[in-house]
Amino acid sequence: MKFRTLLRHFRESFKNIGRNGWMTFASVSAVTVTLTLVGVFLVLMMNLNHIAGNVEKDVEVRAHIDNAANDDDIKAIGKQITEINGIESVIFSPKDEELTNLIDDLGDNGEAFKPFEQDNPLRDVYVIKTKSPQDVIKVAKKIEGMEYIQSVKYGQGYVEKLFSFVNIARNIGIVLIVGLLFTAMFLISNTIKITIVARRKEIEIMRLVGATNTFIRWPFFLEGLWLGVLGSIIPIGLIAVLYYNLYKYAAPQITFKFIDFLPANPFIYQVSAILIVIGAVIGIWGSLMSVRKFLKV
Amino acid sequence: MIEMIDVKKTYPNGVIAINGINVKIKPGEFVYVVGPSGAGKSTFIKMMYREEKPTSGNILVNGVSLPSIRNSKVPLFRRNIGMVFQDFKLLQTFTAYENVAFAMEVIEKEPEEIKKRVMEVLDLVGIKHKARMLPSELSGGEQQRVAIARSIVNDPKVVIADEPTGNLDPETSWEIMNIFEEINKRGTTLVMATHNRDIVNNIKRRVIAIESGKIVRDEHRGDYGYEI
Ligand SMILES: Nc1ncnc2c1ncn2[C@@H]1O[C@H](COP(=O)(O)OP(=O)(O)OP(=O)(O)O)[C@@H](O)[C@H]1O
Ligand SMILES: [Mg+2]
């Protein structure tokens, strides 16, 4: 294809947007509605995922070592733990350090534990992080079976509930995604149905005059691209303004320890980029679908 | 040069539209195709621009065997022939100028050449002053002029027309015929299906009469031959 023909296709695609007046409006509206839904959903899902990730990150296994174990035994246990699959880090925390931490954590109340510094009732501890937080339970079970291990703590009960909550939330996300995709396809295929009647004659005539399928497709391809991009403007604006204000004014009100929203700055740009890309893909797909039927190949 | 050899055409619904046609049309000829409604004239014409494929037999246009070209190559073949229809077949969202220019853009001509040539043919068919108008803003006769301009803009060797005056009043029909005569005088082969008895009887040319899918008459300077 010659460069000026490509220019011609660009020119033609812009003209078509004007020529097709209300059909352009209908298609852009369909994309706008879809992308607004997708955008809201993206904001929810990505934040939910972020929060879930934060919570999971805090999950760790604490293996308390029996006082009967000598230094060599402790080293041997450390080595054994490191060899378990899916371990990210193993940190040894001697009982003195444990006590200091405890006293610090408790603040003023910690004073009550000072007398124990002479005769420490705590144990040496291995603090273990797993690569995937969901492996914690499995790893804890393995460590429990080792020698000189007095007890293993990972937030039994609490962790199981947390994981089932996170899993449910993610599954709801997937259901929402699928539902939304169906909505989008329904909206867009409906719009295409309207445009098809008008376009069918147009394409027939183009073929009569000698236009190849590629030649016919190009302006449609570009037109779909512009429609998709146009359709993403309102959703992006809407979501950017809403999220910015939400992050600035509403988020600080929520003081739950682990609820922490994604910072507006890179996040709004990321969501905008995703929405533009989805808009473009939907627009191009819809536009090419509307011509495909009439290009006898 | 157009040649049909033992051509038969049966539509998928079983209607036999063309039932064994042999014909030769030489370069530069002017041929009317006449016959009663449903005789198969449009089918005959459609097979010439590969809108329909014959069920059996062969068709050669400018040396190309039409049944054997692939669907995707059909537009390429059509660049060498001009086509005019009863319903004009103009792109409704394109201006008169754009409709004609489109046929040149398709073959990637230089923009300068397109501008020059499009205005030239619009002038030839007498519609240059309405170049910026949309088909909906033009009369039937004017739209047909645009369609004719488009059919000849790339200098095809053959122009095929199916009832080009079918939707036009007698006076406008004569004006359109003058344009066709002019085009034919320049050496373009012209095949035209028509019901217009006055035209056929006054502008005497070769007449091919089709009835029930067969050629029943082929005269060098024929008459329309049917009562209305
Ligand atoms: N696409 C089609 N499918 C099935 N049958 C068709 C089709 N097109 C035409 N026919 C049938 O083929 C026969 C010839 O039709 P054709 O259109 O060639 O006639 P015609 O001579 O052009 O008639 P008219 O003068 O009315 O335009 C008719 O019986 C018609 O019903
Ligand atoms: Mg007909």
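Residues numbered from 1 in each chain as written. Chains lettered and ligands numbered in written order. Predicted model: local features only at pLDDT ≥ 70, side-chain atom pairs only at ≥ 80, totals over all residues. Heavy atoms only, no water.

- Identification of chain B as Cell division ATP-binding protein FtsE from Peribacillus simplex is taken from an unreviewed UniProt entry.
- Database annotation for chain B, UniProt heading Subunit (unreviewed entry): "Homodimer. Forms a membrane-associated complex with FtsX."
- Check the Function (unreviewed entry) section of the UniProt entry for chain B; it says "Part of the ABC transporter FtsEX involved in cellular division." (UniProt positions renumbered as here; feature names shortened; annotations may be inferred.)

- Labelled according to an unreviewed UniProt entry, chain A appears under the name Cell division protein FtsX, originating from Peribacillus simplex.
- According to UniProt, the comment filed for chain A under the heading Sequence similarities (unreviewed entry) is "Belongs to the ABC-4 integral membrane protein family. FtsX subfamily."
- In its Subcellular location (unreviewed entry) section, the UniProt entry covering chain A states "Cell membrane".

### Digging into the overall build of chain A
- Regarding its fold elements, chain A presents eight helices and four strands.
- Seen in sequence order, chain A has helices and strands lined up from the N terminus as α-α-β-α-β-α-β-α-β-α-α-α.
- Expected size for 297 residues packed as a compact globule is a radius of gyration near 19 Å; at 30 Å, chain A overshoots this value by more than 25%.
- Taken over the C-alpha atoms alone, chain A extends approximately 95 × 45 × 35 Å along its principal axes.
- Considering only contacts in chain A between residues 6 or more positions apart, those separated by 24 or more positions represent 84%.
- For chain A, the accessible area works out to roughly 16,700 Å², and carbon and sulfur atoms hold 65% of it.
- Positive and negative side-chain charges of chain A, numbering 32 and 28 respectively, have mean locations separated by a distance of 27 Å. (Helix = DSSP H or I, 4+ residues; strand = E, 2+ residues; numbered from the N terminus. Rg over C-alpha atoms; globule rule 2.2 N^0.38 Å. Contact = heavy atoms within 4.5 Å. Areas by Shrake-Rupley, 256 points an atom, 1.4 Å probe, with all protein chains shown as cover. Lys, Arg positive; Asp, Glu negative; His and termini not counted. Charge placed at Lys NZ, Arg CZ, Asp CG, Glu CD.)

### Quick notes on the interface of chain B and chain A
- On the chain A side, the residues contacting the 26 residues of chain B number 22 residues.
- Together, the buried faces of chain B and chain A total about 2,300 Å²; carbon and sulfur atoms form 57% of this surface.
- Linking chain B with chain A are four salt bridges.
- For K15 of chain A, the salt bridge identified is with E98 of chain B, shortest N-O distance 3.2 Å.
- Across the chain B-chain A interface, the total number found is nine residue pairs in polar contact (both at pLDDT 80 or more).
- Put simply, the parts of the chain that give the side of chain B that touches chain A at least two residues each are helix 2 (74–78), strand 6 (81–85) and helix 3 (96–105) of chain B.
- For the side of chain B that touches chain A, the residue count by class is 13 nonpolar, three polar and ten charged. (Buried area = accessible area lost by both parts, 1.4 Å probe. Salt bridge = Lys/Arg side-chain N within 4 Å of Asp/Glu carboxyl O. Polar contact = N/O pair within 3.5 Å; in protein donor to acceptor, adjacent residues only side chain to side chain. Nonpolar A, V, L, I, M, F, W, Y, C, P; charged D, E, K, R; others polar.)

### What about the nonpolar core?
- Core analysis: the largest hydrophobic core is formed by 58 residues, its most contacted members being Y32, F102, V118 and F180 of chain B.
- Broken down by element, the residue count for this core peaks at seven residues, all from helix 3 of chain B.
- In this structure, F102 of chain B is in contact with R8, M206, V209, A211 and F215 of chain A together with L91 and F94 of chain B, ignoring residues within four places of it in sequence. (Core = buried A, V, L, I, M, F, W, Y, C linked by side-chain atoms within 4.5 Å. Buried < 20%, exposed > 50% of the residue type's maximum accessible area, 1.4 Å probe, protein only.)

### Quick look at the UniProt feature "domain: FtsX extracellular" (unreviewed entry) in chain A
- Mapped onto this numbering, the UniProt entry annotates "domain: FtsX extracellular" (unreviewed entry) at residues 59–152 of chain A.
- Between the first and last C-alpha atoms of residues 59–152 of chain A the distance is 13 Å; the span itself is 35% helix and 24% strand.

### Structural notes on the domain arrangement of chain A
- On domain assignment, one finds that chain A holds domain 1 (3–55 + 161–294) and domain 2 (60–154).
- Computed from C-alpha coordinates alone, the two centres of domain 1 of chain A and domain 2 of chain A are separated by 50 Å. (Domains from an automatic or database assignment.)

### A word on the site of ligand 1
Residues and elements named next belong to chain B.
- Among the 14 residues in the neighbourhood of ligand 1, the closest are listed as S37, K41, S42, T43 and H195.
- The contact in question runs from an oxygen atom of ligand 1 to an N or O atom on the side chain of K41, over 2.7 Å.
- Bound to the protein, ligand 1 loses 65% of the 630 Å² it would expose on its own.
- Residue contributions to the shell around ligand 1 peak at three residues, all from helix 1 (residues 41–48).
- Here the residues of the shell around ligand 1 sort into five nonpolar, seven polar and two charged. (Near = heavy atom within 4 Å.)

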